[in-house]
Amino acid sequence: MMKPQKYYIETYGCQMNEADSEIVAGMLERATYQATREPEEADIILVNTCSVRQGADNRALSRLSQFKSLKKNNPNLLLGMIGCVAQRDRGKIIEERPFIDFVLGPDAYRRIPEIVANKKRQVIDVQLSRTEVYDGLMPFRNSVVNAWISIMRGCNKFCSYCIVPYTRGRERSRSVASIVEEINAAIAEGYQEITLLGQNVNSYRYNDIRFHDLLKIIAEIKGVRRIRFTSPHPEDVNTEMLEVMRDYDNICKHIHLPLQSGSTKVLADMNRSYSKERYLEFVDNIRHILPGCGITTDIIVGFPGETEADFQETLCVMDKVVFDNAYMFKYSPRPYTAAAKMKDDVPEAEKAERLNQVIAKQKIHTKQRNRSLIGTVQSVLIDGHSKKNPNEKIGRTDSNKLVILKEDHADIGDFIDILITGTAGVSLFGKINKP
Ligand code: SAH
Ligand code: SF4
Ligand code: F3S
């Protein structure tokens, strides 16, 4: 009998890419390939790339160059580049790096089994689709307790700095029936937490079913212990959505609400559709309907034309909201985007300085939010071991905070009430609550 062929996938970028890699892995598994964690022993290597910032681009390309050397020992090795850099750079990639065998954009993954079976080389498929949602392709999941479920793909918002609409194409939503089918399959496999994914997850619309309707349908599925979703666009965080979140205990009280900037002028230049005041109204609405809901955000500093006064407005919104956590970035010009035509006029040193300031502020706020939880009891889903101490288990609260469980006995997949006893950095410490 022939030895089974092995595949290795490395994934960069957002959870959508993680979920796509699981869909690709599902197709390869059904075609009887076996997963490996060692690129050295793989017959097929796929790098699922991200192009959201220059740093992400560079990382993926340098990894591909490292994999090139593996072809010396294994001339049959197939090396494929998929994902957002593949979509953006297309044929240019193989022209510049002929050791890459195929380049597939995010809507072309159904071709993978055929390409690997026939050992095809020099394939480029970057056709974006208006309909592809990978319905009916069960993913081969990588995670232990959480199942990623893509409910929509693409983005129509065209924020001026962002490459995603160019690499992922237009918005399209998956049918309710196929989402429910995938969730039921995940529950049958033992997954207790479902994370709904989409570039603008709450722009979901399938016929008359909108995001809040879908949330309700999913919350009522038997066996779904926890539902998360990411990333919503602030503009689509409406009262209906918040009320469904309030009415169902199994929908986690956490909203990622990307701010990007606190300056109304910069927001307009970013094509973000809301002002500073409106953003603060969104937050008030969340706090009113869902008191205690975790709110996290994304912030970009050094966007073209951002003055010191504009930057101060971002700090001001941070002070008003006191986010639980934030992802903070220096503006990075991206090809094809509207902002790439603007002058990238904030000097690099200034961008770095502003980034340091937002990071320092966020650190204080995270600490403040976390400290306020000391003495409370949180429901935690245990999902792994602490990296520092394998005897300690880790899990997440409803509001998506990491909890390290000291000493007590708990198993992965357990849902337990934990008394929060302390904090460190972004994490909390706790022990099993014995009433
Ligand atoms: N669809 C998601 C965002 C995907 S990109 C949303 O709207 O929430 C994730 C984050 O990367 C963005 O929120 C933004 O803060 C950041 N980002 C995107 N393009 C960027 C760029 N050109 N430079 C710096 N940060 C960027
Ligand atoms: Fe990018 Fe804006 Fe679309 Fe998010 S909403 S993916 S930031 S264009
Ligand atoms: Fe990156 Fe593409 Fe996601 S650019 S952030 S992998 S949609």
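Residues numbered from 1 in each chain as written. Chains lettered and ligands numbered in written order. Predicted model: local features only at pLDDT ≥ 70, side-chain atom pairs only at ≥ 80, totals over all residues. Heavy atoms only, no water.

Undergrad: So what about the site of ligand 3? Which residues, and what values?
TA: Taken together, the residues surrounding ligand 3 are Cys14, Asn17, Cys50, Ser51, Val52, Cys84, Val164, Arg168 and Gln199. Formed jointly, the shell around ligand 3 draws a minimum of three residues from each of two domains, domain 1 (6–125) and domain 2 (143–252). (Near = heavy atom within 4 Å. Domains from an automatic or database assignment.)

Undergrad: Outline the packing of aromatic side chains, supporting the account with residue identities and numerical values.
TA: By the definition in use, this model includes 10 aromatic pairs. Aromatic pair Tyr161 and Phe303: ring centres 6.5 Å apart, planes at 85°, arrangement edge-to-face. Highlighted residues: Tyr161 in the loop between β8 (152–153) and α7 (164–168) and Phe303 in the loop between β15 (294–301) and α13 (308–321), separated in sequence by 142 residues. For Tyr161, a relative accessible area of 11% corresponds to the buried category. The buried category is assigned to Phe303, whose relative accessible area is 0%. In this structure an aromatic cluster arises from ring pairing among Tyr274, Tyr279, Phe282 and Phe323. Arg141 extends its terminal NZ or CZ atom over the ring of Tyr191, reaching a point 5.7 Å from the ring centre. (Phe/Tyr/Trp six-rings, centres within 6.5 Å; stacked < 30°, edge-to-face > 60°. Helix = DSSP H or I, 4+ residues; strand = E, 2+ residues; numbered from the N terminus. Buried < 20%, exposed > 50% of the residue type's maximum accessible area, 1.4 Å probe, protein only. Lys NZ or Arg CZ within 6 Å of the ring centre and 35° of its normal.)

Undergrad: Account for the environment of Pro165, with residues named and values stated.
TA: Mapped onto the fold, Pro165 is located in helix α7. Once the C-alpha coordinates of Pro165 and Gly154 are considered, the two residues, 11 residues apart in sequence, prove to be 6.3 Å apart. Beyond its immediate stretch of four places on either side in the chain, Pro165 contacts Cys155, Phe158 and Arg170. (Contact = heavy atoms within 4.5 Å.)

Undergrad: Could you give me a rundown of the sheet that holds strand β3 (residues 44–49), with the residues and numbers involved?
TA: By definition, the strands of a sheet pair up through backbone hydrogen bonds, in either a parallel or an antiparallel sense. In space, the six strands of this open sheet follow the order β2-β1-β3-β4-β5-β6, with parallel pairing throughout. Here the strands that pair on one side only, and so sit at the sheet edges, are β2 (34–35) and β6 (123–125). As defined by bridge partners, strand β1 (residues 6–11) adjoins β2 across two bridges and the pair is classed as parallel. Across the sheet, residue Tyr7 finds its bridge partner in β2, namely Ala35. (Pairing = 2+ DSSP bridges.)

Undergrad: If you had to explain the nonpolar core to someone new, which residues and values would you point to?
TA: Residues Ile151, Ile183, Leu196, Leu215 and Tyr279 are the most contacted members of the largest nonpolar core, which totals 68 residues. Shared between two domains, this core holds at least three residues of each, these being domain 2 (143–252) and domain 3 (254–369). Non-local contacts of Leu196, meaning those with residues more than four positions away in its chain, are made with Ile149, Ile151, Ile183, Val201, Phe211, Leu215, Ile218, Ile227, Arg228, Phe229 and Thr230. Core analysis: the second largest hydrophobic core is formed by 23 residues, Tyr8, Val47, Leu64 and Phe99 among them. (Core = buried A, V, L, I, M, F, W, Y, C linked by side-chain atoms within 4.5 Å.)

Undergrad: Go over the domain arrangement of the chain, please, and point to the residues and values.
TA: Taken domain by domain, the chain holds domain 1 (6–125), domain 2 (143–252), domain 3 (254–369) and domain 4 (377–432). Each of domain 1 and domain 2 has a C-alpha centre, and the two are 27 Å apart. Counting residues at the interface gives 15 residues for domain 1, matched by 14 residues for domain 2. In total, domain 1 and domain 2 occlude about 1300 Å² of area from one another, counting both sides; carbon and sulfur atoms represent 55% of this. Here domain 1 is connected to domain 2 by four salt bridges. Notably, a salt bridge pairs Arg153 with Asp107, separated by 3.8 Å at the nearest N-O pair. Applying the counting rule to domain 1 against domain 2 returns five residue pairs in polar contact (both at pLDDT 80 or more). Within the residue set of the side of domain 1 that touches domain 2, elements represented by two or more residues are α1 (15–30) and α4 (84–89). Broken down by element, the residue count for the side of domain 1 that touches domain 2 peaks at seven residues, all from α1. Its residues assigned to classes, the side of domain 1 that touches domain 2 shows six nonpolar, four polar and five charged. (Buried area = accessible area lost by both parts, 1.4 Å probe. Salt bridge = Lys/Arg side-chain N within 4 Å of Asp/Glu carboxyl O. Polar contact = N/O pair within 3.5 Å; in protein donor to acceptor, adjacent residues only side chain to side chain. Nonpolar A, V, L, I, M, F, W, Y, C, P; charged D, E, K, R; others polar.)

Undergrad: Tell me about the site of ligand 1, and name the residues and values.
TA: Contacts to ligand 1 come from 15 residues, most closely from Arg53, Gln199, Gln260, Asp298 and Ser332. Note that an oxygen atom of ligand 1 is positioned 3.5 Å from one of the side-chain N or O atoms of Ser231. Within the contact set of ligand 1, an oxygen atom lies 2.7 Å away from a side-chain nitrogen or oxygen of Gln260. Coverage of ligand 1 by the protein amounts to 88% of the 550 Å² it exposes when considered alone. Mapped by element, the contributors of at least two residues to the shell around ligand 1 are β15 and β16 (325–330). If you count residues domain by domain, the shell around ligand 1 takes at least three from each of domain 2 (143–252) and domain 3 (254–369). (Areas by Shrake-Rupley, 256 points an atom, 1.4 Å probe, with all protein chains shown as cover.)

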